[in-house]
Amino acid sequence: MVMKTIMLICAAGMSTSLLVTKMEKAAWEKGIEADIFAVSAMEADAIFAQKKIDVLLLGPQVRFMLNEFQEKLSAQEVPVEVIPMVDYGMMNGEKVLELAESLMK
């Protein structure tokens, strides 16, 4: 299986770190190889310049940036979506991983 790179963006890059940990656990349990990480919205452009990502998920607190990131990543055909508030609030790593998987197909 090919390693997938899943990038999460939130306002400061900190609140999403717990979700990343839970997503990594869910990926491990499913036997999925994934590089999952979170950054702040301010760091995103630097990451795009350094690393190829397979999917970008936005925390609900930065949902207003959806169009901006979709435009930035359209040439690379990287899917961009907002993490549902319920899954984010519950830190449901399995559900958010499923969302990422569905976007990468």
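Definitions and limits used
- Residues numbered from 1 in each chain as written.
- Predicted model: local features only at pLDDT ≥ 70, side-chain atom pairs only at ≥ 80, totals over all residues.
- Heavy atoms only, no water.
- Helix = DSSP H or I, 4+ residues; strand = E, 2+ residues; numbered from the N terminus.
- Buried < 20%, exposed > 50% of the residue type's maximum accessible area, 1.4 Å probe, protein only.
- Contact = heavy atoms within 4.5 Å.
- Salt bridge = Lys/Arg side-chain N within 4 Å of Asp/Glu carboxyl O.
- Phe/Tyr/Trp six-rings, centres within 6.5 Å; stacked < 30°, edge-to-face > 60°.
- Lys NZ or Arg CZ within 6 Å of the ring centre and 35° of its normal.
- Pairing = 2+ DSSP bridges.
- Right-handed = clockwise from strand over helix to strand, strands pointing away.
- UniProt positions renumbered as here; feature names shortened; annotations may be inferred.

**Q** Just to check I follow, could you spell out the side chain of Thr 16 for this structure?
**A** By the element assignment, Thr 16 lies in the loop between strand E1 (4–10) and helix H1 (17–30). Taking the relative accessible area as the measure of exposure, Thr 16 reaches 1% and is therefore buried. In this view, Thr 16 contacts Leu 8, Cys 10, Ala 38 and Tyr 88; residues no more than four positions away in its chain are not counted.

**Q** Just to check I follow, could you spell out the pattern of salt bridges for this structure?
**A** For side chains bearing opposite charge, pairing can occur when the charged atoms are close. Taken as a whole and assessed by the stated rule, the structure comprises six salt bridges. The shortest N-O distance in the salt bridge between Lys 30 and Glu 101 comes to 3.0 Å. Placement of the pair is Lys 30 in helix H1 and Glu 101 in helix H5 (residues 93–104), with a sequence separation of 71 residues. Looking at Glu 101, the relative accessible area reads 22%, which means it is partly exposed. Across the pair Asp 45 and Lys 72 runs a salt bridge, and its minimum N-O distance is 2.8 Å. Of this pair, Asp 45 sits in helix H2 (residues 44–50) while Lys 72 sits in helix H3 (residues 66–73), placing them 27 residues apart in sequence. Connected through salt bridges with shared partners, the residues Asp 45, Glu 68 and Lys 72 form a single ionic network.

**Q** Can you help me understand the packing of aromatic side chains in this one?
**A** Aromatic ring pairs are reported here in terms of the distance separating the ring centres and the angle at which the planes meet. This structure, assessed with the given rule, holds one aromatic pair. The ring centre of Phe 37 lies 4.4 Å from the NZ or CZ of Lys 51, which sits over that ring.

**Q** Hey, could you run me through the pairing of strand E3 (residues 55–58) in this one?
**A** The side chains of a regular strand alternate, residue by residue, between the two faces of the sheet. Of the two faces of E3, the one carrying Val 55 and Leu 57 and the one carrying Leu 56 and Leu 58 are both buried. Relative to E3, E1 runs parallel, the two being bridged by four bridges. Residue pairing in the sheet places Ile 9 in a bridge with Leu 58 of E3. Across three bridges, the pairing between E3 and strand E4 (residues 80–82) is parallel. Residue Leu 56 lies in a different strand from E4, and its bridge partner there is Val 80. With H3 bridging E3 and its parallel neighbour E4, the resulting β-α-β unit is right-handed.

**Q** Sorry if this is basic, but what is going on with the UniProt feature "modified residue: Phosphocysteine" (unreviewed entry) in the chain here?
**A** Per the UniProt entry, the sites bearing "modified residue: Phosphocysteine" (unreviewed entry) are Cys 10 in this numbering. Tracing the backbone shows Cys 10 in strand E1. Look at Cys 10 and you get buried, because its relative accessible area is 0%. Those residues in contact with Cys 10 that sit more than four places away from it in its chain are Ser 15, Thr 16, Val 39, Ser 40, Ala 41, Gln 61, Val 62 and Tyr 88.

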